[in-house]
Amino acid sequence: MILDKINTPEDLRQLPEDSLIQLCADIRQKIIEDCAENPGHLGASLGVIELTVALHYVLNTPYDNLIWDVGHQSYAHKILTGRKDQFKMKRQFGGISGFPKMSESKYDSFGTGHSSTSISAALGMAIAAKINGETDRQSVAVIGDGSMTGGLAFEALNNAGVHNSNLLVILNDNNMAIDPNIGGLNDYLLDVTTSKTYNKLKEDVWHILGKLNRISPGMRSFIQNVDNSLKSLLLKRSNLFEAMGLRYFGPVDGHDVNHLVKILRDMKKINGPKLLHCITVKGKGLKQAEADQTTWHAPGKYNKDTGELIKEQNPSPTPKFQDVFGYTLLELARANDKILGITPAMPTGCSLNIMMKEMPERCFDVGIAEQHAVTFSAGLAAKGFIPYCNIYSSFMQRAYDQVIHDTALQNLQVVFCLDRGGIVGADGATHHGAYDLAYFRCIPNLTISAPLNEEELRNLMYTGQLPHQQGPLVIRYPRGNGFMTNWKTPFQELPIGKGRCMIEGEEIALLSIGAIGNLAQKAIARIPRPTIGWYDMRFLKPIDEELLHTIFSKFKKIITLEDGTIIGGLGSAVIEFMNKYHYNAQVSRLGIPDKFIEHGSQQQLYKLCGYDEEAIYNQICSLLKE
Ligand SMILES: Cc1ncc(C[n+]2csc(CCOP(=O)(O)OP(=O)(O)O)c2C)c(N)n1
Ligand SMILES: CC(=O)[C@@H](O)[C@H](O)COP(=O)(O)O
Ligand SMILES: [Mg+2]
């Protein structure tokens, strides 16, 4: 294996060009073998192996900046940049991250995980290099066609066009996001790829480029100028990226490593912002992954020889929360024709695809565009529809102002279903839904809820569409399976802002919000009753003050439990209540501490944060001893 001899890009750059194809094959084999046992984002990473090898071969990394948008496609990059042996432990507790991370490697020029950031970051680095007089330093952003639909990417392109910096954007166009990439940009990219006029222009540009290599620098700049003025008019009219001020090259075959090397070498000689459009295949090299790209985006375990997916040994008898959302929304939508479903590019992830199958005209996949998803929903609500806007908690961070300015301020009835609230597991720090309870609690008009289980999720979703429901409602639930086998219970309206006592107690009151309360229940079951009282608060805002008065009048020891950051969430709300009404109690707050939490299983991370079942039990015991 050639890969055996390669540990760093410096080793790679010693290889003759004719061995690059074999190196790509070796890397592909390693990724397929390792991910079979230790799953991750397979499809995207298989699609950029040739690009990764060509980039590290031509660029002078880490002096040159190389930024991977989202970063889920960075496996070949990790293998080639000193992490070959650690790759087996990626995404596991204590192992390397599944995403690029500046603290992990000097070759990770910028940390990613959320989409559409790469062009902004690369432009920042390109301008920094320019200011520093480093005219030879390249800054390269590799961004997918899906991530290019994000508003931030467009903001960056718009800005890049007016700076004469050494920025290269590689558009990795595989015509897919996690689900099929849909929208105007996607149609445009397909047009560019197939248009005859366009390909003619492209050939002319390559022709000039080829000649540039063989002539003197003075002549080169003269021809470049002539080429620019002759073509700019035509290209600017016909090409979006040229119109924004970037020179456009392509489309090229993103799996022809030797051709990519040649093109990248040529492009290094051209100053100013430029974009190379590469056509790739998501899942390249594994038949099943190419055939079903959505499943193989992050497929779980599979047989490395046959590519057959391995079924879970003991599948959970309870449903995933996301599926409870999906089936419940369809059920509600059948009965209420005002209900619509919105997702920013996660129809499979959040299970809106369940409603999409039956009612495609009432579901909207708006692209990787969380800000737009929220304001679009607000617009629909302003005209009397009831949008269920489903966004993963950590991606909702993008749309904060849209929730405040466009939705809450106008008190519009949008139901925000926040999937992946709390610790998510292997995706790690970029993806934990740690902050939502805290960042939403300070927004007026917003009702914030978190269901304890499937039945509660259904009832909250039901309550959200009732005619007397006012303003925006947040329903926040975690990644993974619920707790009930018979979860399709009849709908019941839940009183807004009301919590409930689950277990009566005498010495300590444990107040929880959301599904993490089920761990509290288990911990309390180990203590002889009736010592510990358990309260499921259901709503963080408005918080149930009546219930809190009852609790504070009875208990002097209180534990709060939330699967979210301690600062600003339930614990903070309870302490604020205590101060407001001058109660005096000892309040211990369990939740995510004030630091970024890495990757691992959910259980490992609950333990790390001090709120797994054992930690809750220990906290109760230590309070009992006092
Ligand atoms: C802000 C944000 N929203 C959603 C996601 C979830 N997500 C991760 S990868 C992906 C699809 C990306 O598509 P593309 O950029 O084309 O890359 P590909 O997977 O096709 O290589 C999505 C929606 C994310 N990481 N960040
Ligand atoms: C890279 C990315 O952002 C998504 O693929 C994310 O990993 C999906 O997470 P779930 O597995 O929780 O749907
Ligand atoms: Mg794509």
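Residues numbered from 1 in each chain as written. Chains lettered and ligands numbered in written order. Predicted model: local features only at pLDDT ≥ 70, side-chain atom pairs only at ≥ 80, totals over all residues.

Concerning the overall build of the protein chain
Inference 1: From N to C terminus, the protein chain includes 26 helices and 17 strands.
Inference 2: The globule rule puts the C-alpha radius of gyration for 626 residues at 25 Å, and the 27 Å found for the protein chain is close to it.
Inference 3: In terms of overall dimensions, the protein chain has a C-alpha envelope of 90 × 55 × 50 Å along the principal axes.
Inference 4: Out of the 626 residues in the protein chain, the part that is buried amounts to 51%.
Inference 5: Long-range contacts, defined here as pairs at least 24 residues apart, represent 79% of the contacts in the protein chain between residues at least 6 apart. (Helix = DSSP H or I, 4+ residues; strand = E, 2+ residues; numbered from the N terminus. Rg over C-alpha atoms; globule rule 2.2 N^0.38 Å. Buried ≥ 20, exposed ≤ 12 C-beta atoms within 10 Å, placed from the backbone. Contact = placed C-beta atoms within 7 Å.)

Structural notes on the nonpolar core
Inference 1: Among the nonpolar cores identified, the biggest contains 103 residues, and Ala373, Ile391, Phe416, Ile475, Leu510 and Leu540 are the most heavily contacted of them.
Inference 2: Among the elements that line this core, the one with the most residues is helix H14 (residues 321-335), at seven residues.
Inference 3: Once residues within four sequence positions are removed from consideration, Leu510 is found in contact with Ala520, Ile524, Ile532, Gly533, Trp534, Ile559 and Leu561. (Core = buried A, V, L, I, M, F, W, Y, C linked by C-beta atoms within 7 Å.)

Re the sheet that holds strand E4 (residues 247-253)
Inference 1: Spatial strand order, E1-E2-E3-E5-E4: five strands in an open sheet with parallel pairing. Across the chains shown, the open sheet's two edge strands, defined by having one partner strand only, are strand E1 (65-68) and E4. Taken over all neighbouring pairs, the strand axes of this sheet differ in orientation by 20° on average, direction set aside.
Inference 2: Where E1 meets strand E2 (residues 139-144), four bridges bridge the pair, whose relative direction is parallel. Note that in E2 the partner of Leu66 across the bridge is Val140.
Inference 3: Seen against the sheet, helix H12 (residues 257-268) touches strand E3 (167-173), E4 and strand E5 (274-279) and runs at an angle of roughly 170° to E4. (Pairing = 2+ DSSP bridges. Axes fitted to C-alpha atoms, helices over the stretch in contact; angles between N-to-C directions.)

A closer look at the site of ligand 1
Inference 1: Close to ligand 1 lie 23 residues, the nearest being Ala44, Ser115, Gly144, Gly146 and Ser147.
Inference 2: Looking at the shell around ligand 1 residue by residue, the class counts come to nine nonpolar, ten polar and four charged.
Inference 3: Both domains that meet at the shell around ligand 1, namely domain 1 (2-193 + 244-279) and domain 2 (321-476), each give it at least three residues. (Near = placed C-beta within 6 Å. Nonpolar A, V, L, I, M, F, W, Y, C, P; charged D, E, K, R; others polar. Domains from an automatic or database assignment.)

Details of the site of ligand 2
Inference 1: Taken together, His41, Val70, His72, Ile178, Ala298, Gly349, Arg420, Val424, Asp427 and Arg479 form the complete shell of residues around ligand 2.
Inference 2: Classifying every residue of the shell around ligand 2 gives four nonpolar, three polar and three charged.
Inference 3: A domain-level breakdown of the shell around ligand 2 finds at least three residues from each of domain 1 (2-193 + 244-279) and domain 2 (321-476).

Some words on the packing of helix H2 (residues 20-37) against H12
Inference 1: Viewed as axis vectors pointing N to C, H2 and H12 meet at an angle of 115°, and their least axial separation amounts to 9 Å. Within the contact between the two elements, H2 uses Leu20, Ile21 and Cys24 and H12 uses Val257, Asn258 and Val261.
Inference 2: Here the residues of the contact of H2 with H12 are counted per class, giving five nonpolar, one polar and no charged.

Focus on the UniProt feature "binding site: Mg(2+)" (unreviewed entry) in the protein chain
Inference 1: Mapped onto the present numbering, the UniProt feature "binding site: Mg(2+)" (unreviewed entry) falls on Asp145 and Asn174. In three dimensions, the annotated residues from a span of 30 residues occupy one location, with a maximal C-alpha spread of 6.8 Å.
Inference 2: Judged by the 23 C-beta atoms lying within 10 Å of it, Asp145 is buried.
Inference 3: Non-local contacts of Asp145, meaning those with residues more than four positions away in its chain, are made with Leu171, Asp173, Asn174, Asn175, Asn181, Asn186 and Leu189.
Inference 4: Checked against the element boundaries, Asn174 lands in the loop between E3 and helix H8 (184-194).
Inference 5: Given 23 C-beta atoms within a 10 Å radius, Asn174 is considered buried.
Inference 6: Setting aside residues up to four positions removed in sequence, Asn174 forms contacts with Gly47, Gly144, Asp145, Thr280, Val281 and Lys282. (UniProt positions renumbered as here; feature names shortened; annotations may be inferred.)

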